[in-house]
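Overview (structure and organization)
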Amino acid sequence: VQLQASGGGLVQAGASLRLSCSTSGGTFRGYAVGWFRQAPGKEREFVAAVSRTAGATWYTDSVKGRFTMSSDSAKTTFYLQMNSLKPEDTAVYYCAADRSLLTPLHYDGAQYDYWGQGTQVTVSS
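What comes next concerns the included structure. (Residues numbered from 1 in each chain as written. Predicted model: local features only at pLDDT ≥ 70, side-chain atom pairs only at ≥ 80, totals over all residues. Heavy atoms only, no water.)

What follows concerns the nonpolar core. Core analysis: the largest hydrophobic core is formed by 27 residues, its most contacted members being W35, L80, M82 and Y93. Among the elements that take part in this core, strand β9 (residues 91-98) stands out by supplying four residues, more than any other. Judged by nonpolar contacts, the second largest core, of eight residues, contains A32, F36, W58 and Y112. (Core = buried A, V, L, I, M, F, W, Y, C linked by side-chain atoms within 4.5 Å. Buried < 20%, exposed > 50% of the residue type's maximum accessible area, 1.4 Å probe, protein only. Helix = DSSP H or I, 4+ residues; strand = E, 2+ residues; numbered from the N terminus.)

The structure is reproduced here in structure tokens:
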């Protein structure tokens, strides 16, 4: 399974971006999907995830109320809508997927088997 993340760019603080994550497998049905980010000099951190059944969605505290995960009805593409962007949101954003993710471990990148190549998001002040 290969993932493709796209949609990054350079924006000013307060702007919005929508990231997309698609899969070579055609659909994400049965997969948990997560977004992670890594800023220069920092460790990768969890941003958001949706469970395998899409019954639950989680966000890290710093993006709650600003970022929203969604997907198309066929679950071929997952999106991360990012509003009210801040300079501290600057990072490379990665999407990840896994078929057997345990719900309590949705924040742990090591639990995801499949990763996209990352897309750069830069927010200027």
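Considering the arrangement of structural elements, one finds T76 in the loop between β7 (67-71) and β8 (77-82). You can call T76 partly exposed: its relative accessible area is 27%. Considering only alpha carbons, one finds T76 and L105, 29 residues apart in sequence, at a separation of 23 Å. Sequence-distant contacts of T76, defined by excluding residues within four places in its chain, comprise C21, S22, T23, G26, T27 and F28. Engagement of the side chain of T76 in a polar contact is seen with the side chain of D72, the distance being 2.4 Å. (Contact = heavy atoms within 4.5 Å. Polar contact = N/O pair within 3.5 Å; in protein donor to acceptor, adjacent residues only side chain to side chain.)

Should their charged atoms come close, side chains of opposite charge can pair. Applying the stated rule across the entire model yields four salt bridges. Between E45 and R37 there is a salt bridge whose closest N-O contact spans 2.6 Å. On the basis of relative accessibility, which here comes to 34%, the residue E45 falls in the partly exposed class. With a closest N to O distance of 3.0 Å, D61 and K64 form a salt bridge. We classify D61 as exposed; its relative accessible area is 62%. Each member of the salt-bridge network shares a partner with another, and the members are R37, E45, R66 and D89. (Salt bridge = Lys/Arg side-chain N within 4 Å of Asp/Glu carboxyl O.)

A word on the packing of aromatic side chains. Taken as a whole and judged by the stated rule, the model has seven aromatic pairs. Seen from their ring centres, Y31 and Y114 are 6.2 Å apart, and the 65° between their planes marks the pair as edge-to-face. Of this pair, Y31 sits in the loop between β3 (17-23) and β4 (32-38) while Y114 sits in strand β10 (residues 114-115), placing them 83 residues apart in sequence. Taking the relative accessible area as the measure of exposure, Y31 reaches 11% and is therefore buried. Ring geometry for F36 against F46: centres 5.7 Å apart, planes inclined by 70°, an arrangement best described as edge-to-face. (Phe/Tyr/Trp six-rings, centres within 6.5 Å; stacked < 30°, edge-to-face > 60°.)

Function cannot be read off these values alone, since they describe shape.
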